[in-house]
Amino acid sequence: MDLILFGPAGAGKGTQAKFLVERFGLPQVSTGDMMRAERKSGSELGQRFDGYMTKGLLVPDELVIELLARRIAAPDAAQGVIFDGFPRTVAQAAALDAMLAKAGRRVDRVVALDVPVEMIVDRITGRRTCQACGHIYHVRYNPPPATGRCASCGSDQVVQRDDDREDKVRQRNAEYLSSTVPVLAHYEKQGVVSQLDGTGTVEEVTRRISAVFG
Ligand code: AMP
């Protein structure tokens, strides 16, 4: 089964993906996480992502599609994937559909999380991320331990992502509205979209997603 978690940055896609991974035993594929790992490795590809990501702009389709094609060819993706942060343009969606079709698969469901923009800004500017293991905190709703060390892996690298500052968040939201929202219409034509309220607690949103799958 192939699922897409859809919504603006800060809608809770990464958080809710964890629940879907457990429930369906499928890997989470986050293009944002893959790109951050590439940048951290210092690879040439990572350097090409750099300028776009720090400005809050979308990385060009051909680079993203190449990265994703390699990932979904991996053995652990053979039964399906939970896509998080991909596809972000109609061209990416069309490329994904074509890649899956080659394997006799299709996007089974798009779970779209709806969250008002001011709530997004509050969620993302307060977000702190462990650079070592990816664990996510929020300065008010789920503060990192006072020791400054990650509760999950013990690393002292719990920081604000450079693209989580307010001006970048607003830029990313503008990209979402102009380039990513049309992806929803693409999948609505296929009759696979479930649009859900993404506000409230993590557990409330998880319950709404659970109800989609019965
Ligand atoms: P995320 O962690 O999903 O919020 O992504 C962080 C940044 O990575 C985005 O603001 C983009 O610069 C880049 N990015 C991640 N996924 C994609 C994608 N599917 N298409 C284009 N750019 C992406």
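Conventions used here
- Residues numbered from 1 in each chain as written.
- Predicted model: local features only at pLDDT ≥ 70, side-chain atom pairs only at ≥ 80, totals over all residues.
- Heavy atoms only, no water.
- Helix = DSSP H or I, 4+ residues; strand = E, 2+ residues; numbered from the N terminus.
- Near = heavy atom within 4 Å.
- Polar contact = N/O pair within 3.5 Å; in protein donor to acceptor, adjacent residues only side chain to side chain.
- Nonpolar A, V, L, I, M, F, W, Y, C, P; charged D, E, K, R; others polar.
- Pairing = 2+ DSSP bridges.
- Contact = heavy atoms within 4.5 Å.
- Axes fitted to C-alpha atoms, helices over the stretch in contact; angles between N-to-C directions.
- Parallel < 35°, antiparallel > 145°, perpendicular 65-115°, else oblique.
- Phe/Tyr/Trp six-rings, centres within 6.5 Å; stacked < 30°, edge-to-face > 60°.
- Buried < 20%, exposed > 50% of the residue type's maximum accessible area, 1.4 Å probe, protein only.

Novice: Explain the environment of C130 here, please?
Specialist: Inspection of the secondary structure assignment puts C130 in strand β5 (residues 127-130). In this structure the C-alpha to C-alpha distance between C130 and V202, which are 72 residues apart in sequence, comes to 19 Å.

Novice: Please clarify how the site of the ligand should be interpreted in this entry.
Specialist: Around the ligand, the surrounding shell holds 16 residues, and the nearest of these are T31, R36, L57, Q92 and R172. At 3.0 Å, a backbone N or O of V59 approaches a nitrogen atom of the ligand. In the model, an oxygen atom of the ligand is placed 3.0 Å from a nitrogen or oxygen of the R88 side chain. The leading source of residues in the shell around the ligand is helix α2 (residues 31-41), at four residues. A breakdown of the residues in the shell around the ligand according to their chemical character gives seven nonpolar, four polar and five charged.

Novice: Is there a simple way to think about the sheet that holds β5 in this case?
Specialist: What links the strands of a sheet is backbone hydrogen bonding, and the strands pair in either a parallel or an antiparallel sense. If you trace the three strands from one edge of the open sheet to the other, you get β6-β5-β7, paired in antiparallel fashion. Both edges of this open sheet fall to β6 (136-138) and β7 (158-159), since each of them pairs with a single strand only. In the packing of helix α6 (residues 117-125) onto the sheet, contacts are made with β5 and β6, and the angle to β5 comes to roughly 40°.

Novice: Help me out: how do you make sense of the packing of α2 against helix α4 (residues 61-72) in this one?
Specialist: Each packed pair of helices is defined by two parameters, the angle between the axes and the distance between the axes. Relative to each other, α2 and α4 sit at 100°, their axes nearing to 11 Å. Viewed along their axes, α2 and α4 adopt a mutual orientation that is roughly perpendicular. From α2, T31, M34, M35 and E38 reach across to α4, where they touch V64, L67, L68 and R71. Here the contact of α2 with α4 is built from residues that sort into five nonpolar, one polar and two charged.

Novice: How should the pairing of β5 be read in this particular structure?
Specialist: In the case of a regular strand, side chains alternate between the two sheet surfaces. Summarising the sheet, β5 and β6 pair through three bridges and their orientation is antiparallel. Within β6, the position partnered with R127 by the bridge is H138. Hairpin connection between β5 and β6: a loop of five residues separates the two successive antiparallel strands, and G134 in this loop has a positive phi of roughly 85°. The sheet contact formed by β5 and β7 spans two bridges and is antiparallel. Across the sheet, the residue bridging to T129 is V159, located in β7.

Novice: Could you clarify how one ought to interpret the packing of aromatic side chains in this entry?
Specialist: By convention here, two paired aromatic rings are described through the distance between centres and the angle between planes. Throughout the structure, instances matching the rule amount to three aromatic pairs. Considering the side-chain rings of F6 and Y176, the 5.9 Å spacing of their centres and the 45° angle between planes classify their relative orientation as tilted. Of this pair, F6 sits in strand β1 (residues 2-6) while Y176 sits in helix α7 (residues 166-188), and the two are 170 residues apart along the sequence. For the pair shown, F6 and Y176 are each scored as buried. Between the aromatic rings of F24 and F213, the centroid separation amounts to 5.1 Å while the plane-to-plane angle is 70°, which identifies the pairing as edge-to-face. Taken as a pair, F24 in helix α1 (residues 13-24) and F213 in the segment after α8 (202-212) lie far apart in primary sequence, 189 residues in all.

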